[in-house]
Amino acid sequence: MGVRRRSLFLTMLLLFVATALFAQTGATTSTLFGTVTTEGKPLPGVTVTISSPALLGTRTSVTGDGGGFTFGAVPPGLYTVQMTLEGMTPVTKKVTVSLVQPARADADLKLGAVTEAITVTAAAPAVLETTQVGANFTGSQIDKLPVARNIRQTVLLAPGVNPNGVNNQITISGGPSYDNVFLVNGVVVNENLRGQPHNLFIEDAIQETTVLTAGISAEYGRFTGGVVSTLTKSGGNEFTGSLRDSLTNQAWTDRAPLATIDPADKVNSVYEATLGGRIIRDRLWFFGAGRTAKTSVQRSTVFTSIPFVNGFDETRYEGKLTGQLTAKHNLVASYLDVANDETNNFFPDIYDVDSIVPSRSLPNSLRTANYNGIFTNSLLGELQWSDKKYAFKNSGGRFTDFERGTWIQDSVSSARMNAPVFCGVCTDEERNSDGYGGKVSYFLSTKAMGNHTLVAGGDRFHETRIVNNHQSGSDFIVSARVIVVGNKAFPRFDTNTQLTWQPILLNSNGTDLSSKAAFLNDRWDVNSKLTFNLGLRWDKNHAIDADGNLISDDSNISPRLGAMYDLRGDGRHRVSASFARYVAKITDGSNVLSTAQAAGSPGTFTWAYRDVTLPNGTVVRAPAVNPAGTPDGQLLTGPQALAVMLQWFKAIGGTTNTNYLSSSYPGYGSRFLDELQSPSTDEITVGYGTTLGPKAFARVDVVHRQWHDFYARQVNDPTKRIIPPNNVAGDLSLTVNDNEFTHRKYDAVELQAQWQPSRLTFGGNYTWSKLRGNDLSEGAGTATIRNTPGELFYPEYLDYAQRRPEGYLGQDRRHRLRMWAGYDLTTPLGNFNISALESYDSGFAYSAVGSIDATGRNANFLYHDTPKNPGYTLNGAGTTHDYYFSDRGAFRTDSRMATDLSVNYTRPIYGRFALFAQAQLLNVFNTKRIVDPSLINTNVITSRT
């Protein structure tokens, strides 16, 4: 016994050390647990055996003194749970285990010599077994519904989720859209900058997706929104596979009322194939999948209306091996590769085809390995390693000479001509991440203290972004008036024209962001009625910008506490409550992490296009190009006009001319007052769940969240300056954390229910929510922005009440409903399923916001009663500032209701082979609503303007 105890102790010690060095382990599996009783009393010594088509072999455990058992790291699927003890009637339970949602299988054994087991199906769904708030969707469910089968559309079926973020990005429980965690096979697949999920999946290979929106376990971190975990299929002892062709056509969609061109009548196909099975029965499985798609969308240039086709040629491959190293040690390794080539990429809006990138590549890949080992019936260890890569190749202009590599921006419409934005022959941009982690689980069953499932572990996550942000192929940009003749655009150069040079003065080797975490969690089943979830997480962020500057080295403690009480002890009525703190990682946004770095960031040097007198007295004329009255046939094209400008520019000394209209150097825009603290949110939930018979359940949860440690910009000391090499002093801008003047608060009620009687299936959810505050944490160009509270940012000028009032934020949406129903019909011709999805969304919030100039420098506003300048340069204050003429969020866009329909047909054709077909009709009643505030004229006209 002494040797065994020492061996057990050393094993646990080694695993704890390994995890301390360390991806969200356990995000590919779940836990199956339960309690065995007899006449209501715990029954120790019961042999519990589980088996499943999803499990290699079988696993066996024995109940402890408290009658409890647990199986950790079990893959999702349908399980058979057998409970036997000599002299007792065996019981067999059928249980569905969902991804990252624990499943329970309790039983009460009776005395008797009956050898045939009593078989029952566990009634309580996984969503009721935990204080976590979320939803689970299997691939087979999504296949039948009239939705796209990708991660985004699946997530949007869950309660507490909205497409309310900037650029219609996903928000969860009121969090910023860049601050969620998306996992595929346990690996973070967030895009580094904006935080949205990469398409690292093949639709037919998705087994299931779980969305966690509140009460989230301490095993998950680096977010203040929610967690989405997607699992792809594995092989099995039986061979399975599929072939699919999905057909779409823009012409099958009614043209929106504001659209200006008819959609192209072209059928696009997406081909998918999967195959899985055994190499060695119960020892080694394989799974492979592929997807190829050549899709195209009809586009056109603005004002000139030149049609072109924007297309993608994308191929995705996935391979996965699941094997047993020994009977108690398993390893899963997977690889997913995406080759994505885009033709005619463009950065809107554009006037001509010269502004189009003919072709660029967006390669993406994901590698991961997962290990789990059973050391005793009570001790389990898990390890995970991952690596994700993403890049932009040839994404920009192909020419670096002045005439063909310089784009011209219309000073009125802001549309572009002559060359693409960015440089396609400079350094490729890379956005990569990797991680590793581990955990140990220990199960303790006692009579006095109930059953404990103890989990301890840690992880390390690292990401980097390597970018030299060339804005054009030549590093030059021209701002001028653009005129249109027929379908051709021509630049007009006059005294209002400006030439800007944006060189990369210091190449970047990449940012370096890493976060380490350790967590401890105890699921404590006190008795048949009361369960506690006691969790604690430690996060440490270490962020270094591309210049090598340490930006953050903070650490945080996050409690995750929950309690659930079964009112009758029969699983029918349960109440729950939880408290949690979630801590974000430091965001790799150009307005936060990169705000003070020079490496990879362009400088800006602008000259006015006008006559120049050189020091020697020579006058260099700036010839007018395409002035008013020029005959159409004599208009100069973009390259011809730029050739004229280049001669003028060389004559005045080119880039050595320091008579700038304006100039700025990267790395001198801001500083960090102290090391940044990671933003966080505190959450409180209360809930009630009930089973409504063997095939129905309902759950309601109330969620309250409040955020802290916002990113902010501080300029409040007129005596402090930043002096770049051009000696143009600027006010010292500091990136800081703000807890006092910036606020964000979310309140919601989430209701979800499901009923599956016979051939019918009903399900759905409803979310009522409010998102209030004055936090503006997201931008369209970059995910994260810094708040500028008037109390910190030029307070003498900008601390007026109507600049940043509190109210409903733009991501607020009061009501959101998703309901679906399906009916299975068997006929001699085959099997039919008819499914419908009903959606309701109340409108987006927007405000009556106008512009004023609080500094008195903008003559357009005719405003002169400004405070005396205490000494600021005001070069960071700008000359236009928001003024809210209404309450924040006082107005709403139209509410939206839509009905979507799908008809599914399956017909066996030979043996185990079957034919499957589906047709979808979206927005059946063709309702039309303006739901985007940007499509509404919200300009405020005042007597000043």
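Scroll up for the structure.
The model shown is predicted, which means the values in this text are computed figures rather than measured ones. (Residues numbered from 1 in each chain as written. Predicted model: local features only at pLDDT ≥ 70, side-chain atom pairs only at ≥ 80, totals over all residues. Heavy atoms only, no water.)

Asker: Please clarify how the packing of aromatic side chains should be interpreted in this entry.
Answerer: To describe a pair of aromatic rings, you give the distance between the ring centres and the angle between the ring planes. Summed over the entire model, instances satisfying the criterion amount to 27 aromatic pairs. Taken together, a centroid distance of 5.2 Å and an interplanar angle of 45° make the contact between F605 and Y660 tilted. Placement of F605 in strand 38 (residues 604-608) and of Y660 in the loop between helix 5 (638-651) and strand 41 (662-664) is noted, with a sequence separation of 55 residues between them. For F605, a relative accessible area of 2% translates into the label buried. The structure contains a cluster of three or more aromatic residues connected by ring pairs, namely F402, F476, F493, W501, F605, W607, Y609, W648, F649, Y660 and Y665. Over the aromatic face of F844 sits the side chain of R813, whose NZ or CZ is 4.1 Å from the ring centroid. (Phe/Tyr/Trp six-rings, centres within 6.5 Å; stacked < 30°, edge-to-face > 60°. Helix = DSSP H or I, 4+ residues; strand = E, 2+ residues; numbered from the N terminus. Buried < 20%, exposed > 50% of the residue type's maximum accessible area, 1.4 Å probe, protein only. Lys NZ or Arg CZ within 6 Å of the ring centre and 35° of its normal.)

Asker: What is the right way to read the pairing of strand 44 (residues 696-708) from this model?
Answerer: In regular strands, side chains alternate between the two faces of the sheet. Bridging between strand 43 (residues 680-691) and strand 44 involves 12 bridges; their strand directions are antiparallel. When the bridges of strand 44 are listed, S680 appears paired with H708. Between strand 43 and strand 44, which pair antiparallel in sequence order, lie four residues; one of them, G693, sits at a positive phi of approximately 90°. Across 11 bridges, strand 44 lies against strand 49 (residues 744-755) in antiparallel orientation. Directly across from H704, in strand 49, lies its bridge partner D747. (Pairing = 2+ DSSP bridges.)

Asker: In this structure, what is going on with the state of the cysteines? I would like to understand it.
Answerer: Here is the idea: a disulfide is a covalent bond, and it sits between the sulfur atoms of two cysteines. Counted by the stated rule, this structure contains one disulfide. Put simply, C423 and C426 are joined by a disulfide, and their sulfur atoms are 2.1 Å apart. The chirality of the disulfide connecting C423 with C426 is right-handed, given an S-S dihedral of about 80°. The exposure class of C423 is buried, given its relative accessible area of 9%. C426 sits in the partly exposed class, given a relative accessible area of 25%. (Disulfide = S-S within 2.5 Å.)

Asker: What's the story with the sheet that holds strand 45 (residues 710-714) in this structure? I'm lost.
Answerer: In a beta sheet, neighbouring strands pair by backbone hydrogen bonds and run either parallel or antiparallel. The three strands lie next to each other as 42-48-45, forming an open sheet whose pairing is mixed. Two strands in the sheet have a free side with no partner beyond their single neighbour: strand 42 (671-672) and strand 45. Bridging between strand 42 and strand 48 (residues 734-738) involves two bridges; their strand directions are parallel. Among the inter-strand pairings, R671 is bridged to a residue of strand 48, identified as L734.

Asker: Explain the pattern of salt bridges to me, please; I cannot follow it from the model alone.
Answerer: Two side chains carrying opposite charge are able to pair once their charged atoms lie near each other. Applying the stated criterion across every chain yields a total of 43 salt bridges. Of the charged contacts, one joins R222 and D459 as a salt bridge, the two residues approaching to 2.9 Å between their closest N and O atoms. Taken as a pair, R222 in the loop between strand 16 (206-214) and strand 17 (227-232) and D459 in strand 29 (residues 450-466) lie far apart in primary sequence, 237 residues in all. Across this residue pair, the class does not change: R222 and D459 are buried. The network of salt bridges with common partners includes R104, D106, E129, R523, D525, D566 and R574. (Salt bridge = Lys/Arg side-chain N within 4 Å of Asp/Glu carboxyl O.)

Asker: Just to check I follow, could you spell out the side chain of S678 for this structure?
Answerer: Looking at where S678 falls in the secondary structure, it is placed in the loop between strand 42 and strand 43. Reaching out from S678, the side chain makes a polar contact with the side chain of N541 at a distance of 2.5 Å. The residues touching S678, leaving out its near neighbours within four places in the chain, are N541, D554, N556, V583, A584, I586 and D709. (Polar contact = N/O pair within 3.5 Å; in protein donor to acceptor, adjacent residues only side chain to side chain. Contact = heavy atoms within 4.5 Å.)

Asker: Would you explain the sheet that holds strand 14 (residues 181-184) in this entry?
Answerer: Spatially, five strands are ordered 11-16-17-14-15 in an open sheet, and the strand pairing comes out mixed. Two strands lie at the open edges of the sheet, namely strand 11 (133-138) and strand 15 (187-188), each paired on one side alone. Relative to strand 16, strand 11 runs antiparallel, the two being bridged by six bridges. Looking at the pairing, A135 lines up with V211 of strand 16.

Asker: Looking at this structure, how should I read a nonpolar patch on the surface?
Answerer: On the surface, W755, L760, F762, Y823 and L825 cluster together into a nonpolar patch covering about 430 Å² of accessible area. The set of elements that each furnish at least two residues to the nonpolar patch consists of strand 50 (760-773) and strand 52 (815-827). Considering the arrangement of structural elements, one finds Y823 in strand 52. Given a relative accessible area of 36%, Y823 falls into the partly exposed group. (Patch = residues over 30% accessible without salt bridge, like charges linked within 9 Å, V, L, I, M, F, W, Y side chains within 5 Å. Areas by Shrake-Rupley, 256 points an atom, 1.4 Å probe, with all protein chains shown as cover.)

Asker: Explanation requested: the side chain of T210 in the structure shown.
Answerer: For T210, the position within the fold is in strand 16. Only 2.8 Å separates the side chain of T210 from the backbone oxygen of L99, close enough to count as a polar contact.

Asker: Explain the environment of V644 to me, please; I cannot follow it from the model alone.
Answerer: Checked against the element boundaries, V644 lands in helix 5. Residue class for V644 comes out partly exposed when judged on its relative accessible area of 22%. Each C-alpha atom, one on V644 and one on E403, is 9.4 Å from the other, the two residues being 241 residues apart in sequence.

Asker: Explain unusual backbone geometry here, please?
Answerer: Trans peptide bonds make up most of the peptide bonds, and negative phi angles are found at most residues other than glycine. Following P348, the chain continues to D349 via a peptide bond in cis, the omega torsion being -5°. Mapped onto the elements, D349 comes out in the loop between strand 22 (329-345) and strand 23 (357-361). Its identity is not glycine, yet D282 carries a phi of approximately 60°, on the positive side. Assessed through its relative accessible area of 29%, D282 is described here as partly exposed.

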